[in-house]
Amino acid sequence: MHRRTVLSVIAASAVLTATGCSADPSADAGAKDGTTTVTLALDWTPNTNHTGIYVAQQKGWFKAAGIDLKIVPYGSTAPETLIASHKADFGVSYQEGVTTARAAGQDITSVYAVTQKTNVTIAVRAGRTDITSPKDLDGETYAGFGAPYEKPLLQKVIRDAGGEGDFKQVTLSTSAYAALYAGKADFAMPMPTWEGLEAELSGKPLKNFQLSDYGFPAIYSTLLASSDRFLKQHPEVARKFLAAVDKGYRYAADHPDQAADLLVDANKSVLTNTELVRRSEELLAKEYYRAADGTIGTQSEERWQAFADFEYRAGLLSDANGSRLTEAPDATSFFTNAYLPTSKDAGSTK
């Protein structure tokens, strides 16, 4: 499950010619069955980050809400671009992607946190007895994806652990994890709910260091985003859509094995390693979907502001003209909980 790490340039001229989908549900209001078409752009090929979406689709919960969901496969245009240019109604994203785009004045807002626990770690091969803390990564080689935030993130964690933050860096894109497994790199930042399990199942287990254990702010690693324009023009559609999504992820949290089966059934040609899918879904249900207080989908101002402050201090945020921001942005507009279902609206997940 490769996590996109480089945000595509947002362009107003971006088009969805590959899919032919409209981002404005009003254009499809007269559908034959009376439903409203809503488009959702994926961030990668279908995987367990998307389980709640496919569960809701397979269970007919979108249809019951009057929504004809069109899932837009991941292509050369990032979901953030499609959302901000109003070519997709919703998309799967992540906190860094939304923060970077929103700081630059783009029309994108996070509306649902899929994972409450940071779903990325710093990892080394389990047999590296010489590395017992991130401070031991000084002088070692990091296999990454070339995203601007990778180096300052790693430097902060290593320094907070007592190191210097001085390491080598190679950009390998999707080959980063393979390089770690093969011993051609010393550390990487995999998702424990996918690459970590994949390594374990292949007999090459990893040793993980949690970012939050070393002073780094918690991250919403997977989230759903929309645009302010769509939310303001179609608030009831947004609420119905998120109610179905929420029901899907609650089902996944309560019934991980059955949710895994539904995800695989919807994506048989892609998800061929059913054991990996099942193990991933069980781990997500156990540790990632629910916050400490048991809530699902919600987001906090504190978490958004802490990450925006980090990005600003690292010099990673620019305005619409490409000029570096001179003060930290107010992250309260980067997300909203306003369209989430209330407890009485959540409904049964049976």
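The structure displayed is predicted, hence computed values, not measured ones.

> Hey, could you run me through the overall build of the protein in this one?
If you tally the helices and strands in the protein, you get 13 helices and nine strands. Here the protein holds 350 residues, and the buried ones make up 55% of them. Pairs at least 24 residues apart make up 81% of the contacts formed inside the protein by residues separated by at least 6 positions. When the accessible surface of the protein is summed, it comes to about 14,400 Å², and 47% of that surface belongs to carbon and sulfur atoms.

> For this particular structure, what's the right way to read the packing of aromatic side chains?
The relative placement of two aromatic rings is captured by the distance of their centres and the angle of their planes. Considering all chains together, one arrives at 17 aromatic pairs under this definition. Note that R303 overlies the ring of Y220, its terminal NZ or CZ placed 4.2 Å from the centroid.

> Just to check I follow, could you spell out the nonpolar core for this structure?
When a protein is soluble and globular, its nonpolar side chains tend to lie buried together. Ranked by size, the top nonpolar core spans 47 residues in total, and within it Y112, L224 and F241 carry the most contacts. Setting aside chain neighbours within four positions, we find F241 in contact with V38, L40, F62, I67, L69, F90 and L224. Judged by nonpolar contacts, the second largest core, of 25 residues, contains Y94, Y149, Y214 and L316.

> Mind showing me how you'd approach the pairing of strand 9 (residues 223-226) here?
The side chains of a regular strand alternate between the sheet's two faces. Burial along strand 9 is two-sided: the face carrying L223 and A225 and the face carrying L224 and S226 are both buried. Sheet topology places strand 3 (residues 90-93) next to strand 9; four bridges connect them, and they run antiparallel. Note that in strand 9 the partner of S93 across the bridge is L223. Two elements, strand 4 (residues 109-113) and strand 9, share four bridges in a ladder whose sense is antiparallel. The partner of Y112 across the bridge, within strand 9, is L224.

> Just checking my understanding: could you explain the packing of helix 1 (residues 51-58) against helix 9 (residues 235-254) for this structure?
Any two packed helices are characterised by how steeply their axes cross, that is the angle between the axes, and by the distance between the axes. Helix 9 packs onto helix 1 with a crossing angle of 105° between their chain directions and a minimal axis gap of 7 Å. Classified by the angle their axes make, helix 1 and helix 9 are roughly perpendicular. Across from T51, G52, I53, V55 and A56 in helix 1, the residues of helix 9 making contact are A244, V245, G248, Y249, Y251 and A252. Considered class by class, the residues forming the contact of helix 1 with helix 9 number eight nonpolar, three polar and no charged.

> Is there a simple way to explain the environment of P46 in this structure?
By the secondary structure assignment, P46 is in the loop between strand 1 (36-41) and helix 1. Once the C-alpha coordinates of P46 and L263 are considered, the two residues, 217 residues apart in sequence, prove to be 8.3 Å apart.

> Help me understand the sheet that holds strand 2 (residues 67-72), please; the structure alone is not making it clear to me.
Pairing between sheet strands relies on hydrogen bonds along the backbone, with the strands arranged either parallel or antiparallel. Pairing in this open sheet of five strands is mixed, and the strands run 2-1-3-9-4 from one edge to the other. Whereas interior strands pair on both sides, the edge strands pair on one side only; in this sheet they are strand 2 and strand 4. When strand polarity is set aside, the average angle formed by the axes of neighbouring strands in this sheet is 30°. Taken strand by strand, helix 1 contacts strand 1, strand 2, strand 3 and strand 9, and its axis lies near 140° from that of strand 2.

> What should I look at first to understand the pattern of salt bridges in this one?
Pairing of side chains with opposite charge becomes possible as their charged atoms draw close. Applying the stated criterion across every chain, the model contains 13 salt bridges. Between K70 and D68 there is a salt bridge, with the nearest N and O atoms lying 3.4 Å from each other. Given a relative accessible area of 25%, D68 falls into the partly exposed group. When the shortest N-O distance is used, the salt bridge between R102 and D228 registers 2.9 Å. Of this pair, R102 sits in helix 4 (residues 95-103) while D228 sits in helix 8 (residues 228-233), and the two are 126 residues apart along the sequence. In this structure, a network of salt bridges that share partners links the residues R128, D130, E140 and D186.

So, how was this worked out
Here the residue numbering is sequential within each chain, running from 1 through the sequence in written order. Side-chain atom pairs in this predicted model are given and counted only at pLDDT of 80 or more, local residue features only at pLDDT of at least 70, and totals for whole chains, interfaces and linings cover all residues. To obtain the side-chain values, all non-hydrogen atoms of the structure were used and water was disregarded. A run of H or I in DSSP counts as a helix once it spans at least four residues, and a run of E counts as a strand once it spans at least two, with each numbered from the N terminus. Each residue's exposure class comes from its accessible area (1.4 Å probe, protein chains only) as a fraction of the maximum for that residue type: buried when under 20%, exposed when over 50%, partly exposed otherwise. The criterion used for residue contact is that any of the two residues' heavy atoms lie within 4.5 Å. Only the protein chains shown count as covering a residue, and every accessible area follows the Shrake-Rupley method with a 1.4 Å probe. Ring geometry is summarised as follows: Phe, Tyr and Trp rings, the Trp one being its six-membered ring, pair when their centres sit within 6.5 Å, and such pairs are stacked at plane angles under 30 degrees, edge-to-face over 60 and tilted between the two. Here, over-ring charges are defined by two tests on the NZ atom of lysine or the CZ atom of arginine: distance to the ring centre within 6 Å, and angle to the ring normal within 35 degrees. Buried residues of nine kinds, namely Ala, Val, Leu, Ile, Met, Phe, Trp, Tyr and Cys, make up a nonpolar core once their side-chain atoms join them within 4.5 Å. In this scheme, strands are said to pair when DSSP sees at least two bridges between them. Here, axes are lines fitted to C-alpha atoms. For helices the fit covers the stretch in contact, and angles between N-to-C directions go from 0 to 180 degrees. Any angle that falls under 35 degrees is termed roughly parallel, while one over 145 is termed roughly antiparallel, one within 65 to 115 roughly perpendicular, and all others oblique. Think of it as three bins: nonpolar holds Ala, Val, Leu, Ile, Met, Phe, Trp, Tyr, Cys and Pro, charged holds Asp, Glu, Lys and Arg, and polar takes everything else, Gly as well. Salt-bridge detection follows one rule: a side-chain nitrogen of Lys or Arg within 4 Å of a carboxyl oxygen of Asp or Glu.

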